[in-house]
Number of protein chains: 4
Amino acid sequence: MNTFGEIYRLTSFGESHGPAIGGVIDGIEPGLEIDLDAVQAQLWRRRPGQSAITTQRREDDRLEVLSGLFEGRTTGTPIGFIVRNADQRSHDYDNMRDALRPSHADYAYMAKYGLRDHRGGGRSSARETISRVVAGAFAMQALSRIGVSVIAYTSQVGSIALGKPYDQVDLSLTDTNAVRCPDADTASRMIALIEQVKAEGDTIGGVITCVIKGVPPGLGSPVFGKLHAMLASAMMSINAAKGFDYGMGFDGAGSRGSEMADLFVPAADGAAPHMASNHSGGIQGGISNGEDIYMRVAFKPVATLLRDVDTIDSAGRPVTLRAKGRHDPCVLPRAVPIVEAMAAITIYDAYLKQKIYSRI
Amino acid sequence: MNTFGEIYRLTSFGESHGPAIGGVIDGIEPGLEIDLDAVQAQLWRRRPGQSAITTQRREDDRLEVLSGLFEGRTTGTPIGFIVRNADQRSHDYDNMRDALRPSHADYAYMAKYGLRDHRGGGRSSARETISRVVAGAFAMQALSRIGVSVIAYTSQVGSIALGKPYDQVDLSLTDTNAVRCPDADTASRMIALIEQVKAEGDTIGGVITCVIKGVPPGLGSPVFGKLHAMLASAMMSINAAKGFDYGMGFDGAGSRGSEMADLFVPAADGAAPHMASNHSGGIQGGISNGEDIYMRVAFKPVATLLRDVDTIDSAGRPVTLRAKGRHDPCVLPRAVPIVEAMAAITIYDAYLKQKIYSRI
Amino acid sequence: MNTFGEIYRLTSFGESHGPAIGGVIDGIEPGLEIDLDAVQAQLWRRRPGQSAITTQRREDDRLEVLSGLFEGRTTGTPIGFIVRNADQRSHDYDNMRDALRPSHADYAYMAKYGLRDHRGGGRSSARETISRVVAGAFAMQALSRIGVSVIAYTSQVGSIALGKPYDQVDLSLTDTNAVRCPDADTASRMIALIEQVKAEGDTIGGVITCVIKGVPPGLGSPVFGKLHAMLASAMMSINAAKGFDYGMGFDGAGSRGSEMADLFVPAADGAAPHMASNHSGGIQGGISNGEDIYMRVAFKPVATLLRDVDTIDSAGRPVTLRAKGRHDPCVLPRAVPIVEAMAAITIYDAYLKQKIYSRI
Amino acid sequence: MNTFGEIYRLTSFGESHGPAIGGVIDGIEPGLEIDLDAVQAQLWRRRPGQSAITTQRREDDRLEVLSGLFEGRTTGTPIGFIVRNADQRSHDYDNMRDALRPSHADYAYMAKYGLRDHRGGGRSSARETISRVVAGAFAMQALSRIGVSVIAYTSQVGSIALGKPYDQVDLSLTDTNAVRCPDADTASRMIALIEQVKAEGDTIGGVITCVIKGVPPGLGSPVFGKLHAMLASAMMSINAAKGFDYGMGFDGAGSRGSEMADLFVPAADGAAPHMASNHSGGIQGGISNGEDIYMRVAFKPVATLLRDVDTIDSAGRPVTLRAKGRHDPCVLPRAVPIVEAMAAITIYDAYLKQKIYSRI
């Protein structure tokens, strides 16, 4: 239940207020040269405190790899890793020991486990995503060898949406601003909105779009292992995710088959088929077709507000909760590398599976 | 890859033009009385030819259970079952042997397997969902003992949407019309649209909403096994599904945390906590909280059109395809029982998992 | 729990007194030509009634494949299959409805499930192994393409043991006698013993040896997925198996490291290393090394005796059981193809896994 | 491939010459009080350097738990842990960089992965079993709450065998001598043999017997998940294991059914059935029956000799290997806690699975 993937597998552990977050990556190909600085760089893209619009919690988030590498290469054995937790202000949470925070996991956890670590959300803390980013960064390095790239960006914050499809923006600009939207003008409006929401002690939701290029045709399988079902599971497992679609998605539900057909363009003998459009989003019948895969993930606004909240304790009595934790007014900017990581893990897993049946 | 679920597991097999579709259900609790007529009734809700707005392909779809029941009860051993294929007009597909149909799985299959059964879509045929409906019907009977009910309905066809949330319609009316929309007026407009689309040889997409009531709190797990991630994987594995959301979903991405908070209502000592709203959709932190779970699934329009289509063959040469198969102008009405089945399988699986840790 | 294998997976179903035994084979490579007559021939090697020393129960055991093949080749989609049960004399078991047979699964089943199908052992019937033989026969055909062969034989019945290692007998003679021992003289003594035991209404145990030749080096993995651990699990899952060893096995436990070392023979540059002995049994550190894999499986005598047995019923009261079923006095001859099947499934599964990491 | 168990799961990582060995324990019940000193004590039972007959390598083997515990109890979330490697004399292995040691995993590793970490056996090092001992110690504490105990002991070293069954020795004496044999006289002869073998630079094999008492009836499942198949897989996954049997085992293969029957003793109404003998070894039809489970595991002599060995390098050229590592002349004494750990993990996993279906 704390393992993701079938061939390329991440097993994750750790709470925000324990000694460390970490995981085990199993199933990576042997002999891959790994650039650990690039892995660390991805971790820093999700690090708290990176800009004025993220939480001010400070964490060094330094990766320590404990196994699986020898002389700079993967050996094919599992990669154990940890990231120490540093800036723990557990006492900030003392008043939450018995309170059930609205729209948090507190009540559901009690129902499931009969007890909970109330500090910082315990296992439901966003710090858990550190393990995903590490495993995703390894997967990206493996994928880059076969020409696959993964890029995500913030496409909506509150009601401010980037009104263009992914192929009409310059994705290389994504990291040029704090909100990670590749369109400068939209980005400034998003940032202004987040600052305003933060000033009001409130939070705001949004949408991240993710694009995967260079995926070889043939990944995924026809029934339960559809590539987009795996991607949906990956994305919906991220904290605060509430929706997923790919290709034409929800917008295409109102369309006709004749509008949505991706017609083939006749090709010279032997050339790979090409399509005149990509409403399908790079996956047909659950299997990649070589076109770009693009998808959207909807995130709810963070439930932790920096204002007093009336709620109940575990005995059902009314209590007022004065939140002192440091939280993100909007998770989107820091969720971008997490979305990329889960996409990379999923595609690399599907790629390894396909190696069983084909010499891709 | 043809198995769904971890504790309650369906392993599915069969192509539309082979002798039979079937599966193996593993992990069901022993000692459950099973009403096989009720299982058959669910199969007939997805059967082709059931109304003027579905495909006219005729199938008896008679369930044959081969194991796992003794004197009307489950024994705890696997339930093998088959449904024979009857109305096979394989020659309808002769002209598709080499053609790659646009927006179908044909090209992706060839890329994956190097060969394919071109008749009726092979494994990507919607007949595969028979196995899901059977496993779902068994799960529903197990769930009904603990007070869980699952109901889905068509909430949008093309641009015609039912403009009310699920708790403002009478869900018991869902099966009173051919399109399975519980609002009579909206239903007639949907049916008229489907008939028009059909007359034009075209197809149309839409949205199905699914509601699960009575789920005990505590199902699902905090990280990769989030209950909504499992539901997303289940729903997105259905043919033609393009999007999934639950609770506030995509619509809530534009909202603020203060608007979306589901506040607890103080309760007498010992009573289960109650919430004043349910924007969360019955799941918090990936774990059920006892409130209704509701979700939406977007379906694309079926790619098979009843009109001539210009495409290519596997050598890349242009061909014109004159479709003769009998297909649904809109998959929504027949997909309703499939959505219910996948929801039931997922919830029952999560329920069995939770029995490991709690005496629910 | 009714699925074996990770990549090449058999999911099995069926009781001896239900309509059919069957299964689903998932994960086979696409494009393999399959000789169904050869699969049927393996089934007939395990069929009851094949000789005077097996049970006289008569079964046609005719295989019906329901999916996954197209024009004589695997498509890569799951192979569903059934074998109808024919010679059911369920009334033979009426007196066993409440009795708990000694050394059978009856009591353990009741403890596990709270109810049981008392007819013919239900799910613990040896008929369940039909599914294994089918999946094993498919695996053998896939393995034969890469030069792997699997052969098992009866090496001990009661105290009559074949006193030679596998490489000093002519394995091609295995099927020339009813007990499947490749040494004619030993075989006749074994047969005489089984006939005597049968005449006394008793049963007898023994040992089967299995040899796998041509396994490429590199199969298996270093820790929990050791190739011999997978083989042990496979063999011990066969009804009546009580012990497993490979290579030097139990006999080598009394030896010294200096005696057991398999020394390398220096080879010309580029040639695959060769070893002067094979005490290791073809597996080192859990991974195949290219030498022959050989192993032994110990079988207990069948618990069902053809004589009156004093036992208790489910309320603990004494009852006398007059067995009327038709059973094998010695399972060894019919277990030979089952051992081969489980070996083939395991090796093919390990081979497919290794294809992920290496172009074998 | 580095994960063991289905519900209670250990995912293990680490090489002997990397920074740390560790793992993730998933699926433990929430709310269990854990005595970490008892876990540490088990680690020290497998620690090198504990007596004159084990390797003199020195390791502190101090357990560091990183997650999953809160205020002394399990939370139900995964338990990450590490044990730092200390006494690494990697240079001892410099002469092995290219050499292929006879009867080691070196050649098989190269065939599998194309490269290897030659220091100390890399992933095939016995240090990997640290993770097993930790997970086993947690499982034992969970099992002790329901009355299950696990105890193993050395029953054979070379040709010196303890000539009595487990129920005729005082198992509480096992740890009173260095070889962990509960019979003082046999133990001294075993120790003398190991000292002699060590003095000759040689190694010696043996057998460990393991007894599990108090297992509730109903654990395990009838077909592939037979409890003894799981135990076989667990035991055979331990380094140097070559054979496994349980109950009557290989010795019973020569017996008759009438001799081996475990007859029920009539009992007062409602009392759990009792058997007059236990040739079955506590498992019938793959399911525990409430009697003691007992099994044997055969270990080969360690392949690493403290003498010069003629072998080849990876190019096939002859080399002489002068071993400088510090190794055990006999693995049995240190393998006793490992056998116990794997037994405990397997039984606890089976117990959790059975909780799905029964209120045990």
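Procedures and definitions
- Sequence order sets the numbering: in each chain, residues are counted from 1 along the sequence as written.
- Here chains are named by letter from A upward and ligands by number from 1 upward, in the order in which they appear as written.
- In keeping with the model being predicted, local features are shown solely for residues with a pLDDT of at least 70 and side-chain atom pairs are shown and tallied solely at 80 or more, while totals for entire chains, interfaces and linings include all residues.
- Derived side-chain values reflect all non-hydrogen atoms in the structure, with water molecules and hydrogen atoms excluded from consideration.
- Here the copies are superposed with least squares, the fitted atoms being C-alpha atoms of residues at a pLDDT of at least 70 in both.
- Note on definitions: a residue-residue contact is assigned when non-hydrogen atoms from the two residues lie within 4.5 Å.
- Where helices are involved, their axes are fitted lines through C-alpha atoms of the stretch in contact, as for all axes, and angles between N-to-C directions lie from 0 to 180°.
- Only DSSP runs of H or I reaching four residues or more are called helices, and only runs of E reaching two or more are called strands; each is numbered from the N terminus.
- By definition, any crossing whose near helix is turned counterclockwise from its far helix by less than a right angle is left-handed, and any crossing with a clockwise turn is right-handed.
- The classification used treats Ala, Val, Leu, Ile, Met, Phe, Trp, Tyr, Cys and Pro as nonpolar, Asp, Glu, Lys and Arg as charged, and all other residues, Gly among them, as polar.
- What gets called buried area is simply the loss in accessible area from a 1.4 Å probe that two parts show on being joined, summed for both.
- Salt bridges, as used here, are contacts in which a Lys or Arg side-chain nitrogen is within 4 Å of a carboxyl oxygen on Asp or Glu.
- N or O atoms closer than or at 3.5 Å make up a polar contact, with two conditions inside protein: a donor-capable atom paired with an acceptor-capable one, and, for residues adjacent in sequence, both atoms drawn from side chains.
- Think of a nonpolar core as a cluster: buried Ala, Val, Leu, Ile, Met, Phe, Trp, Tyr and Cys residues, connected wherever their side-chain atoms sit within 4.5 Å.
- Here's how the labels work: a residue is buried when its accessible area is under 20% of the maximum for its type, exposed when over 50%, partly exposed in between, all with a 1.4 Å probe on protein chains only.

K.L.:
So, the relation of the copies chain A and chain B: which residues are in play, and what are the values?
P.N.:
Placing chain A over chain B gives an RMSD of 0.0 Å and needs a rotation angle of 180°, together with 0.0 Å of translation along the axis. Expressed as a symmetry operation, the mapping of one chain copy onto the other fits a two-fold axis. Of all interface residues in chain A, 100% are interface residues in chain B too; the two copies therefore contact each other through one and the same surface.

K.L.:
How would you explain the packing of helix H5 (residues 227-236) of chain A against helix H8 (residues 332-355) of chain A if you had to name every residue and give the values?
P.N.:
All names here are of chain A. For the pair H5 and H8, interaxial distance at closest approach is 9 Å and the crossing angle is 145°. Seen along the crossing, H5 lies across H8 with a hand that is right-handed. Of the residues in H8, those touching H5 at Leu227, Met230, Leu231, Ala234 and Met235 are Val339, Met342, Ala343, Thr346, Ile347 and Ala350. Looking at the contact of H5 with H8, its residues break down into ten nonpolar, one polar and no charged.

K.L.:
Which residues make up the interface of chain A and chain D, and what values go with them?
P.N.:
Listed by partner, the interface residues are 40 residues for chain A and 40 residues for chain D. Sorting the residues of chain A by area buried against chain D places A:Phe13, A:Leu66 and A:Phe70 first, and these three jointly supply 19% of that buried surface. Here chain A and chain D share two salt bridges between them. Inspection of the chain A/chain D interface yields ten residue pairs in polar contact (both at pLDDT 80 or more).

K.L.:
Please set out unusual backbone geometry residue by residue, giving values where relevant.
P.N.:
The phi dihedral of A:Arg180 falls on the positive side, at around 60°, and the residue is not glycine. Of note, A:Arg180 is situated in the loop between strand S10 (160-161) and helix H4 (184-199).

K.L.:
Please give an account of the nonpolar core that cites residues and values.
P.N.:
Ranked by size, the top nonpolar core spans 360 residues in total, and within it A:Ile212, B:Ile212, C:Ile212 and D:Ile212 carry the most contacts. Contacts of D:Ile212, omitting those with residues within four sequence positions, involve D:Val148, D:Ser149, D:Val150, D:Leu231, D:Asp292, D:Ile293, D:Met295, D:Ala343 and D:Ile347.

K.L.:
Account for the side chain of A:Asp183, with residues named and values stated.
P.N.:
Residue and element names in this part refer to chain A. Tracing the backbone through its elements, the reader meets aspartate 183 in the loop between S10 and H4. Within the structure, the side chain of aspartate 183 is placed 2.6 Å from the side chain of threonine 186, a separation counted as a polar contact. The residues touching aspartate 183, leaving out its near neighbours within four places in the chain, are Leu162 and Lys164.

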